[in-house]
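Structure assessment
Below are the chains, spelled out letter by letter.
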Amino acid sequence: MSRITVIGGGPGGYTAAFAAAKAGVKVTMVEALAIGGTCLNWGCIPTKTLRASADALEMAHRLAEFGIEGIGEARANMQAVLARKERVIGVMRKGLEKKCASLGINFLQGHAALQGANRVLVSLQGGITQEVESDFIIIATGSRTLDLPSLPVNHTNILSSDDALNMAKIPPRLIIVGGGVIGSEMAFIYQSFGSKVTIVEGQNRLLPLPSVDEEVSKLLLREAKKKGIATVLGSTVQHADVQPDGTILVTIGVTGDNAKEHSGQKIEVDAVLVTVGRVPQTQGLGIEQVGVATDARGWITVNEYMQTSVSAIFAVGDVLGPAHNMLAHVAAVEGLCAVANCLGKKEQMDYRNVPSVIFTNPEVGSVGLSAQEAREKGYAVKSSLFHMRELGKAQAMNELAGFFKIVAEEGTGKILGVHITGAHATDLIAEATLALSLGATVYDVTHTIHAHPTLAEGVFEACLALSGQRAD
Amino acid sequence: MTELNYPEELLYTREHAWLLINQGGTGIVGISDFAQDQLDEVAYVDLPSVGSFFDSGAEFGAIESIKSVNHLYMPVAGEVIAVNDALADTPTLVNTEPYSGGWMLTIRIAEDADRSLLISAREYAAGLK
């Protein structure tokens, strides 16, 4: 019987461990902190739990729009909000623990260090160590928050994203450094809870990721503005002076030309949240000693079979860095791929059509190429944009913000990318992901009946706009 | 159907913006009576910050109503020297006073600005039929 040691119990690690165990492999999974990894404990799940509380508060403030009266002044009780978050995490964690046990996985709570291609030394509690031998090792140790030397996190008022999920008090004035996915999601959550938020982003748009279409960035910027979230683009925080009274005087400097008027601008806030990126979690793992190669920034490098430079050692998930889409669902599929390869099946990882979902308010869901990316790849591109507010369901729900954008190939009508922003965009994108993975055209979508009245009709309408005369 | 009007002293663009050129090289920008009528009740006007510069025909903002979202395009190149803050609280000024209280930007018109987008009230109105 084959033996696999999985280092890391996050989505990459546990998915690999469960699949291997089901295939009859003897699995040892080592986790240094908490099962579920970043996703369950400090990422996906806690942020969405906070977002749900923020949504509840938002709705409480909007009841009159729907003809509901009689509710007094609603506000967030952060102790209760955080307690609920812990409860949800607890439920999910217990589920993972039970599954480990039922599959007979040897779960070790401790820190793993590679001793060779087939041996790991685990440091358990109380100074006890245990050696685990295996045929293969899968590294799934993930990533952690990046600290800026100019802006060291102090966990009291200069915060990391981990801290932002544990704030007992809402800061009246908050600056968020970095307008990527995490910073943007936090901005809308904290604005909902009552903070006056300013986002400082180094590039010239919010969500400056290649997969995010420029029109999505533009709409999010407008929606942020409407909610009173200030955004300073093309700028960075040069300096944060913690004052004697606990407030922070932040100096904003220019990175590009667009923010001339903010050069050297000083803003007084109560807290600073640093969300400028993440770094690989490989300290003490022993990768250098064993010869597992990394790139210049320390992210582990793998081939298309998830194999590292040491053939018996595989790596999946965040520890591979941004070149591999740092997403929980990608880590999970990479985990399955690694296990298949351990079992000799020779499976290649396919990164086309990875959906990405962003829980800002309004939400964003996208899959495939942005219009810009499609053009850069040499496609003859046609695109359409259908506004959310043109849908009867959106009007009935009174959720007007957003749009459905389809990027397709001229002539064939093959769908190259779908970008949705608005209510439920993160769920609506699933239809688009299936369409892309099946190589669908806009005609396939328009020949599919979409129930009325639903938000899903937006995908239909955007495809309809592109389905003029077929070129064939 | 109410009579829509297009004051003769203003210039217009096919994208439904109007421009009032002042002495001293400044101008005021807004959208036409036709545009506000098409939009129906304006819910939000997204205006740029003072100091921004836009080329002739460039997108400078957006206007939202219950039914639609439309981009706003510069009639002529220039630097934004003032925006109408009253529209933040009362966006419907664009509907009730498109040529006065509903003004959007005051700009300093660029010296070498491309003026080819500007047409007379008569040409603009004729184009709407």
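This section reports on the structure supplied with the text. Counting restarts for each chain, with residues numbered from 1 along the sequence as it is written. Throughout, the order in which chains and ligands are written sets their labels, letters from A for the former and numbers from 1 for the latter. Two thresholds apply to this predicted model, a pLDDT of at least 70 for residue-level local features and 80 or more for giving and counting side-chain atom pairs, whereas whole-chain, interface and lining totals are computed over all residues. Think of the side-chain values as coming from all heavy atoms in the structure, minus any hydrogens and water.

The helix and strand inventory of chain B stands at 4 helices and 9 strands. A run of H or I in DSSP becomes a helix once it reaches four residues, and a run of E becomes a strand once it reaches two; helices and strands are each numbered from the N terminus. When the helices and strands of chain B are placed in sequence order, the string is β-β-β-α-β-β-β-β-β-α-α-β-α. For the radius of gyration, the atoms used are the C-alpha atoms, and the globule rule reads 2.2 Å times the number of residues raised to 0.38. Rg of the C-alpha trace for chain B: 13 Å, near the compact-globule value of 14 Å for 129 residues, within the 12% margin. In terms of principal-axis extent, the alpha carbons of chain B reach across some 40 × 35 × 20 Å. Taken across its 129 residues, chain B has 53% of its residues classed as buried. A separation threshold of at least 6 residues defines the contact pool for chain B, and within that pool the share at least 24 residues apart is 64%. Each residue gets one of three labels from its accessible area relative to the maximum for its type: buried under 20%, exposed over 50%, partly exposed in between, using a 1.4 Å probe on protein chains only. Every residue pair with non-hydrogen atoms within 4.5 Å of one another is taken to be in contact.

Here is the key point about a regular strand: its side chains alternate between the two faces of the sheet. Residues and elements named next belong to chain A. The buried fraction of strand E20 (residues 363-368) amounts to 5 of the 6 residues, a majority that puts the element mostly inside the structure. Paired strands, in this sense, are two strands between which DSSP finds at least two bridges. With 3 bridges connecting them, strand E19 (residues 356-358) and E20 associate as antiparallel partners. Bridging across to E20, Ile 358 finds its partner in Val 364. Where E19 folds back on E20, the antiparallel hairpin that results is connected by 4 residues. Relative to strand E23 (residues 415-422), E20 runs antiparallel, the two sharing 6 bridges. Within E23, the residue paired with Ser 366 across the bridge is His 419.

Bringing helix H4 (residues 78-102) of chain A into the picture now. Residue and element names in this part refer to chain A. In a helix, the anticipated span is given by 1.5 Å times the number of residues less one. Helix length check: H4, at 25 residues, gives a terminal C-alpha distance of 36 Å against a target of 36 Å (1.5 Å per residue), a fit within 8%. Among all positions in H4, only Met 78, Val 81, Leu 82, Lys 85, Ile 89, Leu 96 and Cys 100 are buried. Against helix H1 (11-22), strand E2 (26-31), helix H2 (37-42), helix H3 (44-61), strand E3 (106-109) and helix H6 (181-193) lie the buried residues of H4. Downstream of H4 by one or two residues, Gly 104 has phi in the positive range, about 70°.

With that settled, consider the environment of Met78(A). Residue and element names in this part refer to chain A. Mapped onto the elements, Met 78 comes out in helix H4. The exposure class assigned to Met 78 is buried, which follows from its relative accessible area of 3%. In the structure, Met 78 is positioned 28 residues away from Leu 50 in sequence and 9.7 Å away in space, judged by C-alpha atoms.

Turning our eyes to something else, we now look at the packing of H3(A) against H4(A). Residues and elements named next belong to chain A. Two elements in contact, H3 and H4, have axes separated by 9 Å at closest approach and are oriented at 140°. In terms of axis orientation, H3 runs oblique to H4. Every pair of crossing elements has a handedness; the one defined by H3 and H4 is right-handed. Residues Ile 45, Pro 46, Thr 49, Leu 50, Ala 52 and Ser 53 of H3 form the contact with H4, whose participating residues are Val 81, Leu 82, Arg 84, Lys 85, Val 88 and Ile 89. Note on residue classes: Ala, Val, Leu, Ile, Met, Phe, Trp, Tyr, Cys and Pro are nonpolar, Asp, Glu, Lys and Arg are charged, and everything else, Gly too, is polar. Residues of the contact of H3 with H4, tallied by class, amount to 8 nonpolar, 2 polar and 2 charged. Axes, fitted as lines to C-alpha atoms, cover a helix only where it is in contact. Angles between the N-to-C directions of the axes lie from 0 to 180 degrees. Each angle is binned into one of four classes, with values under 35 degrees roughly parallel, values over 145 roughly antiparallel, values of 65 to 115 roughly perpendicular, and all other values oblique. A clockwise turn of the near helix away from the far one marks a right-handed crossing, whereas an anticlockwise turn of less than a right angle marks a left-handed crossing.

Another aspect to go through is the sheet that holds E19(A). Residue and element names in this part refer to chain A. Read from one edge of the open sheet, 5 strands run E19-E20-E23-E22-E21, paired in antiparallel fashion. For this open sheet the edge positions go to E19 and strand E21 (381-387), each flanked by a neighbour on one side alone. Taken over all neighbouring pairs, the strand axes of this sheet differ in orientation by 10° on average, direction set aside. Pairing of E21 with strand E22 (residues 402-409), which is carried by 7 bridges, proceeds in the antiparallel orientation. By the bridge assignment for E22, Ser 384 is matched with Ile 406. Helix H7 (residues 214-226) contacts E20, E21, E22 and E23 of the sheet and is inclined by roughly 170° relative to E22.

Attention now moves to the packing of H1(A) against helix H9 (residues 328-342) of chain A. All names here are of chain A. Where H1 meets H9, the axes come as close as 7 Å, and the angle between the chain directions of the two elements is 35°. Remark: the crossing between H1 and H9 carries right-handed chirality. Touching Pro 11, Gly 12, Thr 15, Ala 16, Ala 19 and Ala 20 of H1 are Ala 328, Ala 331, Ala 332, Gly 335, Leu 336 and Val 339, all from H9. Here the residues of the contact of H1 with H9 sort into 9 nonpolar, 3 polar and no charged.

If you look at the interface, chain B gives 13 residues, while chain A gives 12 residues. Counting the surface lost from both chain B and chain A, the interface buries some 1,100 Å², and carbon and sulfur atoms represent 42% of this. Ranking the residues of chain B by area buried against chain A places Tyr44(B), Glu64(B) and Val69(B) at the top, with a combined share of 43%. The salt bridge criterion pairs a side-chain nitrogen of Lys or Arg with a carboxyl oxygen of Asp or Glu, the two atoms within 4 Å. Applying the counting rule to chain B against chain A returns 5 salt bridges. Only strand E4 (42-46), strand E6 (59-65) and strand E7 (69-73) of chain B provide two or more residues apiece to the side of chain B that touches chain A. The biggest single contributor to the side of chain B that touches chain A is E6(B), with 4 residues. Looking at the side of chain B that touches chain A residue by residue, the class counts come to 5 nonpolar, 4 polar and 4 charged. Summed over both partners, buried area is the accessible surface (1.4 Å probe) that two parts give up on being assembled.

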